[in-house]
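# Secondary and tertiary structure notes
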Amino acid sequence: MVQTIGAFNIYDYPGTPIIDVRSPAEFLNGHIPGAVNIPIFDDGERALVGTRYNQAGKDAGFLLGLEIAGPKLAGYVKRLNSLFPVHSQLILYCWRGGLRSNAMAWLFDKAGHDVSIINGGYKGFRNFIREQITYAWQYRIIGGMTGSGKTDTLRYMSEMGEQVVDLEALACHKGSVFGHLGQDEQPTNENFENE
């Protein structure tokens, strides 16, 4: 049976796979850290369904979505099962926790997985993140010139059990002129906030 959880509850399930069923472009723009993308529609299909929904109404958009997704149902389950064992606990989301996540949750539940949907979807997660940032957290900022040992200090503090947020590591940029060299591709602003 599919359950619903709040965005704030995802951290109550450490190690539980998080599945984003939105289109690849939506996923690349921003997603919950650690999520895996198993899109119900590719970017073009999502545009077609959205256009039909806007021009002809909810029912017409829904039917087009069924026509597109129906033949691919087995493929979704095969992809999921190639990533995670059958009977895994999963957390799913789409944009608002609506049709896409409910459809995939039903399918994955029927395929033998224990599925929860994030109430409010990715949008609910983003609202949760923004709320967290506004709290009056106690924190200390470590700053200094290039080469002064800030990163080493953060690494040492982390090894000592302190909670550390390394903004340069999250941004994949050291902040200097050549700060991007040897780094992974920089995340979108949205993914930077999510991390």
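See the structure printed just above.
Here goes a summary of the coordinates provided. Just so we're clear, the structure is a prediction, and the values are computed from it rather than from any experiment.

When its secondary structure is counted, the protein shows nine helices and five strands. When the helices and strands of the protein are listed from N to C terminus, the series reads β-β-α-β-α-α-α-β-α-β-α-α-α-α. By principal-axis analysis of the C-alpha atoms, the protein measures approximately 60 × 35 × 35 Å. Counting over 195 residues, the protein shows a buried share of 34%. A separation threshold of at least 6 residues defines the contact pool for the protein, and within that pool the share at least 24 residues apart is 61%.

To continue, consider the environment of asparagine 127. Relative to the helices and strands, asparagine 127 is located in helix H6 (residues 121–134). Given the relative accessible area of 41%, asparagine 127 is considered partly exposed.

With that out of the way, let us pick up the sheet that holds strand S4 (residues 89–93). Spatially, five strands are ordered S1-S5-S4-S2-S3 in an open sheet, and the strand pairing comes out parallel. Of all the strands in the sheet, the pair left with one neighbour each is strand S1 (3–5) and strand S3 (36–37). Taken together, the four bridges between S4 and strand S5 (residues 114–118) define a ladder with parallel strand orientation. By the bridge assignment, leucine 92 is partnered in S5 with isoleucine 117.

Quantified by volume, the largest pocket comes out at close to 1500 Å³. Along its surface, the largest pocket is lined by 30 residues, and Tyr139, Gln163, Val164, Val165 and Leu167 are the ones closest to its centre. Elements supplying a minimum of two residues to the lining of the largest pocket: H6, helix H7 (150–159), helix H8 (167–171) and helix H9 (189–194). Classifying every residue of the lining of the largest pocket by side-chain character gives 17 nonpolar, six polar and seven charged. If you add up the space inside the second largest pocket, you get close to 790 Å³. If you go around the second largest pocket, you meet 26 residues; those closest to its centre are Phe41, Val49, Gly98, Leu99 and Arg100. Of all the secondary structure elements, the ones that give two or more residues to the lining of the second largest pocket are helix H2 (43–56), helix H3 (58–69) and helix H5 (99–110). Split into classes, the residues belonging to the lining of the second largest pocket amount to 15 nonpolar, six polar and five charged.

Cut-offs and rules
- Residues numbered from 1 in each chain as written.
- Predicted model: local features only at pLDDT ≥ 70, side-chain atom pairs only at ≥ 80, totals over all residues.
- Heavy atoms only, no water.
- Helix = DSSP H or I, 4+ residues; strand = E, 2+ residues; numbered from the N terminus.
- Buried < 20%, exposed > 50% of the residue type's maximum accessible area, 1.4 Å probe, protein only.
- Contact = heavy atoms within 4.5 Å.
- Pairing = 2+ DSSP bridges.
- 1 Å grid on protein atoms, 1.4 Å probe; cavity = no way out; pocket = protein on both sides within 12 Å on 5 of 7 lines; lining within 4 Å.
- Points joined across faces, edges and corners; volume = space filled by probe spheres on them.
- Nonpolar A, V, L, I, M, F, W, Y, C, P; charged D, E, K, R; others polar.

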